[in-house]
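# Summary of structural features
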Amino acid sequence: MFEHLDAYPGDPILGLNEAFQKDPRADKVNLSIGIYFDDAGRIPVLASVRKAEALMLERAQPKPYLPIEGDAACRAQVQALLFGAGHRAVAEGRVATIQAVGSSGGLKVGAEFLKRWFPRAEVWVSDPTWDNHRAMFQGAGLATHSYPYYAPDGLRFDAMLATLAQLPAGSVVLLHACCHNPTGVDLSREQWQRLIPLLEERRLLPYLDLAYQGFGDGLDADAHAVRMLADAGLSFFVANSFSKSMSVYGERCGALSVVCPSAAEAERVLGQLKATIRANYSSPPIHAGGIVAAVLGEPALRAQWEAELAAMRGRIAAMRRALHDALVARLPQRDFGYLLSQRGMFSYTGLAPEQVDALRERHGVYLVRSGRICVAGLNTGNVVRAADAIAKVMAG
Ligand code: LMR
C-alpha cells in the first residue's frame, strides 16, 4: 500500500536536535535548534507564564472551542505588541489578526490564503533563509525563489534591492523583521527606509516573519520593520511567535496579521483567513491564547515578562561576548567581530558542512550544517569547550 512512498530524510533542524538527545556523551553541546536555554542548559519556565497559567487554573473556566480566529483578548494584545498601542492601522480596523498555531501556523495559513486569492503569486525568500520557509509555501502550492541577502563578507543589500526591483507586481517578498534566521544579520533602519518605497513602487507584497521579537534590541525596537511598513501605508502580512519570547515552544502561541487598506477589506481578509483555518484545524488552542492574553494583558505579569525577556536577551549578548573572546584568544589572526554584531539567537560562523560534521562527530558540538549556531545554547559551563572545539576545527 505505501511502498511507493519516499523515505523522509528528516528535518535538518529538528532531526539534529533528536540526534543530540540520543548522543550519550556527557559533555555534548547543543547549538543546533533555535531554543533559548538558560545558564544551566534548561528551557526556562518564565515566572510570568507560570503565574498566567495559575490564574487560568484558578479561574477554572470551561474550555469551549475558541472562535475560529482565536482568543479576542490575545488577538488585541498581539496587535498592540506589534504595531504599538493605538497605532492608526489598528484603530482604523485595518488589521486582520488571527491567533495561530505558532508563527509557523500563521505562515502556513497566510500561504494557503495567498494561493487561494493570489494564485499566480510567487514567493521570494532571502538567500539563505530558515530551512522551512520554502517547504511551507511550496506545500501551499506556491512557487518559491530566492533574492540575494548574505555573502561571507556580510549583507548583500544592493543585490537584494536590484533583484526585488525586477520582480513582477504582486510577488510576495518574505522578510525577517528582526534577528534574521539563520544569519543574525538584519537590515538597518536606513536600509528598511530604502526598501519600503521599492516594495511600494513595484507593488510587491511584503510578508514579515517575526519569530524573535525581544531577542534583538527590545520589544519595540524589534518591531520597527512592522511599524515602518504600517506607517508607510503598505498592505502586508506579519506572522509572529511567542515560542521563544515566552519560552512556550510546545504551546504553539503565535499569530498572523494582515494590514489592509481599509476596514472593509480587513473584514473580508479576516473572513477568508477563518475559512482557511476552519478547513485545516478548525480553531486554535485555548490554552495558548489564554497564556498570551494574560501575560500581555495583566500589567504585573507584563512587567515581569518584559524583565524576564530582557534577562534572556542580556544572557545571549553575554554569551556572544564570551564565545567571541574565547575564539579570539585561540585564533587571534581571525576576525570574530560578526559574533558581536549579529543579532538575536543565531550567528553564521562560516563553518563548512564538513567542519560542522567534524564538530558533531569528534567533539559532540551540534550545529546546523549551514554553519548556523544558536548562541542561546551556550552557557558559562560549556562556552569554553565549544570555543575549543570550534577553534580546533577551524584551524584544521
Ligand atoms: C530554528 O530555526 O531552529 C527554530 O525556528 C526551530 C524550528 O522549528 O526550526
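Just above sits the structure.
Structural notes, computed from the coordinates. (Residues numbered from 1 in each chain as written. Predicted model: local features only at pLDDT ≥ 70, side-chain atom pairs only at ≥ 80, totals over all residues. Heavy atoms only, no water.)

### Description of the site of the ligand
Near the ligand you find I13, I33, G34, W130, N181, Y212, K244 and R372, and these make up its full shell. G34 has a polar backbone atom sitting 2.7 Å from an oxygen atom of the ligand. Within the side chain of Y212, an N or O atom sits 3.5 Å from an oxygen atom of the ligand. Protein contact buries 82% of the 260 Å² of open area that the ligand shows by itself. Of the residues contributing to the shell around the ligand, the split by class is four nonpolar, two polar and two charged. (Near = heavy atom within 4 Å. Polar contact = N/O pair within 3.5 Å; in protein donor to acceptor, adjacent residues only side chain to side chain. Areas by Shrake-Rupley, 256 points an atom, 1.4 Å probe, with all protein chains shown as cover. Nonpolar A, V, L, I, M, F, W, Y, C, P; charged D, E, K, R; others polar.)

### Structural notes on the packing of helix α3 (residues 72–83) against helix α11 (residues 286–297)
Close contact between α3 and α11 brings their axes to 8 Å; oriented N to C, the two are set at 50°. Judged on the interaxial angle alone, α11 and α3 are oblique. Between α3 and α11 lies a crossing of left-handed hand. Contacts between α3 and α11 pair A73, C74, Q77, V78 and L81 from the former with G289, V292, A293, L296 and G297 from the latter. (Axes fitted to C-alpha atoms, helices over the stretch in contact; angles between N-to-C directions. Helix = DSSP H or I, 4+ residues; strand = E, 2+ residues; numbered from the N terminus. Parallel < 35°, antiparallel > 145°, perpendicular 65-115°, else oblique. Left-handed = near helix turned anticlockwise from the far one by under 90°. Contact = heavy atoms within 4.5 Å.)

### Topic: the sheet that holds strand β9 (residues 236–241)
Pairing between the strands of a sheet is mediated by backbone hydrogen bonds and can be parallel or antiparallel. Strand order in the open sheet made by the seven strands is β2-β10-β9-β8-β7-β3-β4, with mixed pairing throughout. Since the sheet does not close on itself, it has two edges, and those belong to β2 (95–101) and β4 (144–148), each with one partner. Across the sheet, the mean angle from the axis of one strand to that of its neighbour is 25°, orientation sign disregarded. Where β2 meets strand β10 (residues 253–259), seven bridges bridge the pair, whose relative direction is antiparallel. Opposite I98, over in β10, you have L256 as the bridge partner. Packed on one face of the sheet, helix α7 (residues 157–164) meets β3 (123–127), β4 and β7 (172–176) and runs near 140° to β4. (Pairing = 2+ DSSP bridges.)

### Details of the packing of helix α8 (residues 189–201) against helix α9 (residues 224–231)
Look at α8 against α9: their axes get within 10 Å of each other, and the N-to-C directions meet at 40°. Comparing the axis directions of α8 and α9 gives the class oblique. Viewed along their axes, α8 and α9 form a crossing whose handedness is right-handed. Contacts between α8 and α9 pair R189, W192, Q193, I196 and L199 from the former with H224, A225, M228 and L229 from the latter. A per-class count over the contact of α8 with α9 returns six nonpolar, two polar and one charged.

### Concerning the nonpolar core
Counting residues in hydrophobic clusters, the biggest one holds 136 residues, and the most contacted among them are Y207, L208, F236, M246 and M345. Of all the elements, helix α12 (residues 299–330) adds the most residues to this core, at nine residues. With residues up to four places along the chain from it excluded, the contact list for L208 reads L175, A177, W192, A225, V226, L229, F236, F237, V238 and A239. (Core = buried A, V, L, I, M, F, W, Y, C linked by side-chain atoms within 4.5 Å. Buried < 20%, exposed > 50% of the residue type's maximum accessible area, 1.4 Å probe, protein only.)

### Focus on helix α5 (residues 102–117)
Its 16 residues give α5 an end-to-end C-alpha distance of 23 Å, which sits within 8% of 22 Å, the value for a rise of 1.5 Å per residue. Inspection of α5 places G102, S103, S104, G105, G106, L107, V109, G110, A111, F113 and L114 among the buried residues, and these make up the whole buried set. (Expected span 1.5 Å × (residues − 1).)

### Notes on the environment of A310
Among the structural elements, A310 can be located in helix α12. A310 gets classed as partly exposed once you look at its relative accessible area, which sits at 32%. Residues A310 and G93, spaced 217 residues apart in sequence, show a C-alpha to C-alpha distance of 31 Å.

### Examining the pairing of β7
Most of β7 is tucked away, with five of its five residues classed as buried. Side chains V172, L174 and H176 of β7 all project onto a buried face; the interleaved residues V173 and L175 project onto the opposite face, where all are buried too. Bridge analysis of β3 against β7 gives two bridges, and the strand direction is parallel. When the bridges of β7 are listed, W124 appears paired with V173. In the sheet, β7 pairs with strand β8 (residues 205–210) via five bridges, with the strands oriented parallel. Residue pairing in the sheet places V173 in a bridge with P206 of β8.

### Considering the pattern of salt bridges
For the structure shown, the criterion picks out 15 salt bridges. E361 is the partner of R360 in a salt bridge, and the nearest nitrogen-oxygen pair spans 3.5 Å. On the basis of relative accessibility, which here comes to 19%, the residue R360 falls in the buried class. With a relative accessible area of 55%, E361 lands in the exposed category. Residues joined in a network through salt bridges with shared partners are D357, R360, E361 and R369. (Salt bridge = Lys/Arg side-chain N within 4 Å of Asp/Glu carboxyl O.)

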